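# What the coordinates show
For reference, the chains in residue letters:
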Amino acid sequence: MRSLNRLKWLHAFEATARHGSFTGAARELDVTPAAVGQLVRALEDWVGHPLFQRSRSGRARLTLVSDARDALEDITQGLDDLEAGLNKLRGRRARSVVVLTASQVLVMNWLMERLNRFAEAYENIDLRLNVTERLMDVSHGEADLGIRCGNGNWPNLDKTWLMDEEAVLVCSPLLLPPEQESCAEWLSSQKLIHDDTPHPGANFPSWDDVLASIGAPKAKERGLHINSTSAVILAALSGRGVAIVRRALVKQAIELGQLRQLHPDRRWLLSWSYYIVTPQQSRMRPEVKLFHDWLVQDVLSSTLQKDL
């Protein structure tokens, strides 16, 4: 006779073994550390001996004893087989869900077209997009993975590099028709759009830096200050002035002719890069890993095509 409690014990044991702590397992299982500890102790009582060596310090405070280490692979495989069996019961109606978080400006100008391609290729996976300007707590399960632009220093998260970033100058063709070229004099006479969004540690160029690098006079005080990168791009699209923006966010608009890149021979490399972030010490579900690997390959393919 099978006992459902034993299944709960094994689930808690396997998660604790991977994370090395009750706290990490609790985050994954969405219960309290005390509840995980109680389940593991119940399993230890049933088998008749401790399964972990307890330590008061160190990153992994719980380490498996040798007997438990030998059994872990079979238990993990059994839980995976159980999950596969449940999916077979659901049959063709089975759908997996991947929760992704990213900023609005990245979704609108870079990510959405990729999500559409993924959805066409993997119709049995539902992508749920949580668009937010705040840094969602991916490490505590608010999303399966996130896409962030920054210096890569995010505690409790694993990261996969996607691509580097640079700043570019753009304006609407309404300001500068395609047959005309920008020059220092022309640029110094335009209204300058200032992105006042914080870019800590990004080495984001100021208008004084940009104008000096192309030999244009120092900017006058006039200009449009906006504290939202999305609004900066919209202002540039509508012909309100010239803007300094991250290239990935306007690449599509440039290719469609909605924006013109000015002085394309000039590059302002940023210290920020784009990363996929995932919870640290947590095994990605198969559908999450599938999306993770697909996105990395998609970005790599796009970069290679650009270089050809």
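First, a word on what this report is: a plain description of the structure on this page. Source: prediction; values computed, not measured. (Residues numbered from 1 in each chain as written. Predicted model: local features only at pLDDT ≥ 70, side-chain atom pairs only at ≥ 80, totals over all residues. Heavy atoms only, no water.)

### Remarks on the side chain of E166
By secondary structure assignment, the location of E166 is in strand 6 (residues 157-171). Separated by 2.9 Å, the side chains of E166 and R267 make a polar contact. Residues contacting E166, with those up to four places away along its chain left out, are V245, R246, R247, R267, W268, L269 and L270. (Helix = DSSP H or I, 4+ residues; strand = E, 2+ residues; numbered from the N terminus. Polar contact = N/O pair within 3.5 Å; in protein donor to acceptor, adjacent residues only side chain to side chain. Contact = heavy atoms within 4.5 Å.)

### Things to note about the packing of helix 2 (residues 22-29) against helix 3 (residues 33-47)
Between helix 2 and helix 3, whose axes approach to 8 Å, the crossing angle comes to 105°. Classified by the interaxial angle, the pair formed by helix 2 and helix 3 is roughly perpendicular. On helix 3, the residues that touch F22, T23, A25, A26 and L29 of helix 2 are P33, V36, G37, V40 and R41. Among the residues making up the contact of helix 2 with helix 3, the classes are represented as seven nonpolar, two polar and one charged. (Axes fitted to C-alpha atoms, helices over the stretch in contact; angles between N-to-C directions. Parallel < 35°, antiparallel > 145°, perpendicular 65-115°, else oblique. Nonpolar A, V, L, I, M, F, W, Y, C, P; charged D, E, K, R; others polar.)

### Here we look at helix 2
Three or more residues of helix 2 are buried, namely F22, G24, A25 and A26. Two residues or fewer after helix 2 comes D30, characterised by a positive phi angle close to 60°. (Buried < 20%, exposed > 50% of the residue type's maximum accessible area, 1.4 Å probe, protein only.)

### Considerations on unusual backbone geometry
A positive phi angle, close to 65°, is found at N156, a residue other than glycine. Its place among the elements puts N156 in the loop between strand 5 (145-150) and strand 6. Judged by its relative accessible area of 42%, N156 is partly exposed. A positive phi angle is found at H263, which is not glycine, with a value near 50°.

### Overview of the pattern of salt bridges
Enumeration according to the criterion identifies 12 salt bridges in this entry. Where R285 meets D144, a salt bridge forms, and the shortest distance between an N and an O atom there is 2.9 Å. Here D144 lies in the loop between strand 4 (125-131) and strand 5 and R285 lies in the loop between strand 11 (268-279) and helix 10 (286-307), a separation of 141 residues in the sequence. Note on R285: relative accessible area 33%, which makes it partly exposed. Sharing partners across several salt bridges, the network here consists of E113, R114, R117 and D298. (Salt bridge = Lys/Arg side-chain N within 4 Å of Asp/Glu carboxyl O.)

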